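Here are the chains, one letter per residue:
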Amino acid sequence: MRIAMISEHASPLAILGGADAGGQNTHVAELSAALVAAGHDVRVYTRRDAVDLPVTVRSPDGYDVVHVPAGPAEPVAKDGLLPHMGPFGAWLIDRWRGGDWAPEVVHAHFWMSGLAALDAGRETGVPVVQTYHALGTVKRRHQGVQDTSPARRIAYERHLGRSVDRVIAQCRDEVGELVRMGVPRSAMTVVPSGVNLETFAPLGLATEREPGRTRILTVGRLVERKGFQTVVRAMEHVPEAECVVVGGPPAGLLETDPYARRLRALAGSCGVAERVRLVGAVPREEMGRWYRSADVLVAAPWYEPFGLTPLEAMACGVPVVATAVGGLRDTVVDGVTGDLVPARDPRALGAALRALLDDRIRRFAYAGAARARARRHYSWAVTAQRLVEVYDEVATVHRPTRVVA
Ligand code: UDP
């Protein structure tokens, strides 16, 4: 099948860890690779954000990345991209009408991609599948006035949910959110993200660690909602262990990163500075080494649409302590593959970590169950297959193209 992915801000080729580069980039890269491995023809359309980017780049996994000229050829924060979605959609229409390659289905990632995809899909008769990755309602609830999303985000998201051919929800929590927004349940199919079971496996190299010191690992973009402050505060309740934070800008730029500075200051004021280490961004291919070096992975976000890092740790056979929010309530089985704790509660997180680190047998049992769960339910091959079933369903519905005056 000819499949177009639209991922306006998240290129599958980007370096991860920065403020706007994380799970969506990984998701689009891995999904596209799995679809190519299953024999499909995949093109990923992402915004051209540097002058020296060629229009098309063939990724090592066999899909093409097409850099769409929409807005300035320089980095633009995600929340500033809305005005460029019209030109993005228009460029797609031009290309797909031009004749050399047109998709049978277009899968949009994030709401702004959905707007461009819907425009292009309506004009060219291509069905549109939408994955939100994150929802404006949830962000607004948790971030309040600090939410810098465009004002009409939630209205656009509702409109998309009612207009596209199928919405892919990634977890049960998202289904509830979408229903409460007014998106019909019948428009949705639940397909969770996958995890790369070759990159993330128990056997392989692991980063060095200090002998005799247990390691708590936490991974993600260095943004407040990921809850790193809660983790740092929790370290007060977990004596002896070290906490390694992976993500953020490259190591050399941590000194000047405002959030990294705040975390370090907090660690100082909690008296745990010597046991908290920030390593900065790590290339995706080296992430397995960090997971394998850990006794436990902590994911303590305030909210989490899906959350790939716990799943990556689980695939490496690492138990997870996570906050009971969003997608983490589906991936982490409380008391079986890890422990779930309330969000923004350093004391509860600290107590759960301490109890788990003190209990080698439970850790071992969680590790085995975590690995088995990741393998059984979250392989990319299965996720891709389930999405292809959706693509097939929507592609068989005939839809007229809009008549151009
Ligand atoms: N990641 C990475 N290097 C880093 C930090 C993160 O490769 O330094 C990857 C991580 O392995 C995961 C993704 O970025 O695949 C983060 O995804 P998640 O769903 O946990 O968070 P999001 O960024 O979507 O909020």
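Below you will find a few notes about this structure.

Rules used throughout
- Residues numbered from 1 in each chain as written.
- Predicted model: local features only at pLDDT ≥ 70, side-chain atom pairs only at ≥ 80, totals over all residues.
- Heavy atoms only, no water.
- Helix = DSSP H or I, 4+ residues; strand = E, 2+ residues; numbered from the N terminus.
- Rg over C-alpha atoms; globule rule 2.2 N^0.38 Å.
- Areas by Shrake-Rupley, 256 points an atom, 1.4 Å probe, with all protein chains shown as cover.
- Salt bridge = Lys/Arg side-chain N within 4 Å of Asp/Glu carboxyl O.
- Buried < 20%, exposed > 50% of the residue type's maximum accessible area, 1.4 Å probe, protein only.
- Near = heavy atom within 4 Å.
- Polar contact = N/O pair within 3.5 Å; in protein donor to acceptor, adjacent residues only side chain to side chain.
- Nonpolar A, V, L, I, M, F, W, Y, C, P; charged D, E, K, R; others polar.
- Phe/Tyr/Trp six-rings, centres within 6.5 Å; stacked < 30°, edge-to-face > 60°.
- Core = buried A, V, L, I, M, F, W, Y, C linked by side-chain atoms within 4.5 Å.
- Contact = heavy atoms within 4.5 Å.
- Pairing = 2+ DSSP bridges.
- Expected span 1.5 Å × (residues − 1).

## Considerations on the overall build of the protein
Then step 1. A count of helical and extended segments in the protein gives 14 helices and 14 strands.
Then step 2. Relative to the compact-globule value of 22 Å for 405 residues, the protein shows a C-alpha radius of gyration of 21 Å, a close match.
Then step 3. Taking the principal axes of its C-alpha atoms as reference, the protein extends roughly 70 × 40 × 40 Å.
Then step 4. For the protein, the exposed surface amounts to about 16,900 Å²; the carbon and sulfur share of it is 52%.

## Structural notes on the pattern of salt bridges
Then step 1. Taken as a whole and assessed by the stated rule, the structure comprises 20 salt bridges.
Then step 2. The salt bridge involving Lys-226 is made with Glu-304; its shortest N-O contact spans 2.7 Å. With Lys-226 in the loop between β9 (215-219) and α7 (228-234) and Glu-304 in the loop between β12 (296-299) and α10 (308-315), this residue pair connects regions lying 78 residues apart in the sequence. Of the two residues, Lys-226 and Glu-304, both sit in the buried class.
Then step 3. A salt bridge links Arg-264 to Glu-255; its shortest N-O distance comes to 3.4 Å.
Then step 4. Here the residues in one salt-bridge network are Arg-43, Arg-58 and Asp-64, joined through shared partners.

## Brief notes about the environment of Val-382
Then step 1. Within the secondary structure, Val-382 is located in helix α14 (residues 380-395).
Then step 2. A relative accessible area of 41% means that Val-382 is categorised as partly exposed.
Then step 3. Counting along the chain gives 320 residues from Val-382 to Gly-62, while the straight-line C-alpha distance between them is 19 Å.

## Details of the site of the ligand
Then step 1. Inspection of the region around the ligand gives 20 residues, with Arg-221, Lys-226, Val-282, Leu-308 and Glu-312 positioned closest.
Then step 2. In the model, an oxygen atom of the ligand is placed 2.8 Å from a nitrogen or oxygen of the Gly-23 main chain.
Then step 3. Val-282 is positioned such that a nitrogen or oxygen atom in its backbone is 2.7 Å from a nitrogen atom of the ligand.
Then step 4. For the ligand, the protein covers 95% of the area, taking 540 Å² as the surface of the free molecule.
Then step 5. Contributions of two or more residues to the shell around the ligand are made by α1 (23-37), α9 (287-292) and α10.
Then step 6. A per-class count over the shell around the ligand returns eight nonpolar, seven polar and five charged.

## With respect to the packing of aromatic side chains
Then step 1. Inspection of the entire model under this criterion finds four aromatic pairs.
Then step 2. On the numbers, 5.8 Å between centres and 75° between planes, the contact of Tyr-45 with Trp-96 is edge-to-face. On the criterion of sequence distance, the pair formed by Tyr-45 in strand β2 (residues 41-47) and Trp-96 in helix α2 (residues 85-98) is long-range, its members being 51 residues apart. Each member of the pair, Tyr-45 as well as Trp-96, carries the same accessibility label: buried.
Then step 3. Taking 6.4 Å as the distance between ring centres and 50° as the angle between the ring planes, the aromatic pair formed by Phe-110 and Trp-111 counts as tilted.

## Focus on the nonpolar core
Then step 1. With 40 residues, the main nonpolar core has Tyr-45, Phe-88, Trp-96 and Leu-178 as its most contacted residues.
Then step 2. Tallying contributions element by element places helix α3 (residues 111-124) first for this core, with seven residues.
Then step 3. Judged by nonpolar contacts, the second largest core, of 32 residues, contains Ile-216, Cys-270, Ala-300 and Val-321.

## Some remarks on unusual backbone geometry
Then step 1. Within the chain, Phe-110 stands out as a residue other than glycine whose phi angle is a positive 80°.
Then step 2. In this structure, Arg-344 takes a positive phi of about 55° despite not being glycine.
Then step 3. In this structure, Arg-344 sits in the loop between β14 (338-341) and α12 (346-357).
Then step 4. Note on Arg-344: relative accessible area 47%, which makes it partly exposed.

## Structural notes on the environment of Val-179
Then step 1. For Val-179, the position within the fold is in helix α6 (residues 172-181).
Then step 2. Looking at Val-179, the relative accessible area reads 42%, which means it is partly exposed.
Then step 3. Here the alpha-carbon distance between Val-179 and Gly-161, two residues 18 residues apart in the chain, equals 9.7 Å.
Then step 4. Setting aside its immediate chain neighbours within four residues, Val-179 contacts Arg-185 and Met-188.

## Digging into the side chain of Asp-64
Then step 1. When you line up the elements, Asp-64 lands in strand β4 (residues 64-68).
Then step 2. Classification of Asp-64 by relative accessible area gives buried; the value is 11%.
Then step 3. Side chain to side chain, Asp-64 and Arg-58 meet in a polar contact 2.6 Å long.
Then step 4. Dropping the residues within four chain positions of it, Asp-64 is found in contact with Val-42, Arg-43, Val-44, Thr-56, Val-57 and Arg-58.

## Digging into the pairing of β2
The two faces of a sheet get side chains in turn, since along a regular strand they alternate between them.
Then step 1. Across the seven residues that make up β2, a large majority, six, are buried.
Then step 2. Pairing between strand β1 (residues 2-6) and β2: five bridges, direction parallel. Looking at the pairing, Ala-4 lines up with Arg-43 of β2.
Then step 3. Note that β2 and β4 share five bridges and pair parallel. Bridge assignment links Tyr-45 to a residue of β4, and that residue is Val-66.

## Quick look at α14
Then step 1. An ideal rise of 1.5 Å per residue puts 22 Å on 16 residues; α14 measures up with 22 Å between its terminal C-alpha atoms.
Then step 2. Contacts made by the buried residues of α14 are with β1, α1, β5 (105-109), β6 (128-131), β7 (166-169) and β8 (188-190).

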